[in-house]
Amino acid sequence: MFFKNKNISIKNEIVLKELDMNNIPKHIAIIMDGNGRWAKKRNLPRSFGHKAGVETIREIVKACSNIGVKYLTLYAFSTENWKRPADEVSTLMNLLVEYLRGELEELNRNNVIINYIGDISALPDLCQKELVNSNIKTKNNTGLTLNLALNYGGRDEIIKAVKNIYIDMLKNNIDIEKIDEKLISNYLYTKNIPDPDLLIRTSGEIRLSNFLLWQIAYTELYFTDIYWPDFKPYHLYKAIIDYQKRDRRFGTVK
Ligand code: IPE
Ligand code: IPE
Ligand code: MG
């Protein structure tokens, strides 16, 4: 075990040296996928995959915080994930509560702000309570913002924005001429957060599954076959190194 850990830390050190610390993405978004297949490969119930996935969250949050990422948005539960069997949904909700209870102190010590996006009013009361409590306890921190996407859907977010813009128009709070990209962004869950620089999806699926549809217009995309429970800081650094080689043109010529 000792030697295994030592090897991992040497590997991390080597890859960390390749990171350009002056070009760390400010905002990384991750579609944490593959927990179920990770478990299936081991003949274990899917819940074991989700538990192993929480361990990855702990490590990736710490790694992001250490290298100076400002925002980390994790897709934890989509508006479509309610279609899963009830016992899987409840496992995921329980893991969320356990994670927040278990990590709050450590995250606070590491100066992390716990935030959430999505319609959390549909989550079990206990989840809502822990989320709000974690947010209140950490909101004055100044380090990484950990943004948990829960009951989040990009389309749902846009529908809510359209409805709220309409309401504010009826109240004469908005003139139609004022509707521009900035205004729409301000009606989204992510209103105070810059768009992601890098989006990572694990598990080999090459799709967005309704994640941050508006916000990723110019985000760099990175897909890896690794299942989320196997995704380690080493893989995160590799993804960032890949990102650092990209030429972000935003439609212009150089
Ligand atoms: C991601 O892993 C976790 C959530 C969607 C909550 P999955 O549960 O989707 O794992 P696979 O895709 O079935 O392997
Ligand atoms: C996306 O993964 C949602 C989360 C990671 C929370 P899914 O596993 O739900 O996506 P699909 O069904 O494969 O597109
Ligand atoms: Mg999946």
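Residues numbered from 1 in each chain as written. Chains lettered and ligands numbered in written order. Predicted model: local features only at pLDDT ≥ 70, side-chain atom pairs only at ≥ 80, totals over all residues. Heavy atoms only, no water.

### What to know about the sheet that holds strand S4 (residues 145-152)
Under the convention used in this document: DSSP-based pairing: two strands are paired if at least 2 bridges between them are found. Each helix corresponds to a stretch of at least 4 residues labelled H or I by DSSP, and each strand to a stretch of at least 2 residues labelled E; elements are numbered beginning at the N terminus. Lines fitted to C-alpha atoms define the axes, with helix axes restricted to the stretch in contact, and inter-axis angles between N-to-C directions lie between 0 and 180 degrees.
Spatial strand order, S3-S4-S2-S1-S5-S6: six strands in an open sheet with parallel pairing. Each of the sheet's edge strands pairs with one partner strand only, and the pair in question is strand S3 (113-117) and strand S6 (220-223). Across this sheet, the average inter-strand angle for adjacent strands is 20°, counted without regard to direction. Pairing of strand S1 (residues 27-31) with strand S5 (residues 198-201), which is carried by four bridges, proceeds in the parallel orientation. Looking across to S5, one finds that Ala29 is bridged to Leu199.

### Remarks on the site of ligand 2
What counts, and what does not: Here, proximity means that at least one heavy atom of the residue falls within 4 Å of the molecule or strand. Two N or O atoms count as a polar contact when they lie within 3.5 Å, although within protein this holds only if one can serve as hydrogen donor and the other as acceptor, and sequence-adjacent residues are included solely when both atoms are side-chain atoms. To measure how exposed things are, a 1.4 Å probe is used in the Shrake-Rupley method; for residues, cover is taken only from the protein chains shown. Ten residue types, Ala, Val, Leu, Ile, Met, Phe, Trp, Tyr, Cys and Pro, are classed as nonpolar, four, Asp, Glu, Lys and Arg, as charged, and the remainder, Gly among them, as polar.
Lining the immediate environment of ligand 2, one finds Ile31, Met32, Asp33, Tyr75, Ala76, Phe77, Asn81, Arg84, Arg201, Arg207 and Ser209. Here an oxygen atom of ligand 2 and a side-chain polar atom of Asp33 are 3.2 Å apart. Between ligand 2 and Arg201 there is a distance of 3.4 Å, counted from an oxygen atom to a side-chain nitrogen or oxygen. Protein contacts shield 78% of the accessible area of ligand 2, which totals 390 Å² for the unbound molecule. Taken together, the residues of the shell around ligand 2 sort by class into five nonpolar, two polar and four charged.

### What to know about a nonpolar patch on the surface
Cut-off, in case you're wondering: Nonpolar side chains (Val, Leu, Ile, Met, Phe, Trp, Tyr) are joined into patches within 5 Å and like charges within 9 Å, using only residues with over 30% relative accessible area and no salt bridge. Here, a salt bridge means any side-chain nitrogen of Lys or Arg that lies within 4 Å of a carboxyl oxygen of Asp or Glu. When a residue's accessible area, from a 1.4 Å probe over protein chains only, is under 20% of the maximum for its type it is buried; when over 50% it is exposed; and in between it is partly exposed.
Together, Ile158, Val162 and Leu213 line one region of the surface with nonpolar side chains, adding up to about 220 Å² of accessible area. Here Ile158 shows up in helix H6 (residues 154-170). Exposure remark for Ile158: the relative accessible area of 33% places this residue in the partly exposed category.

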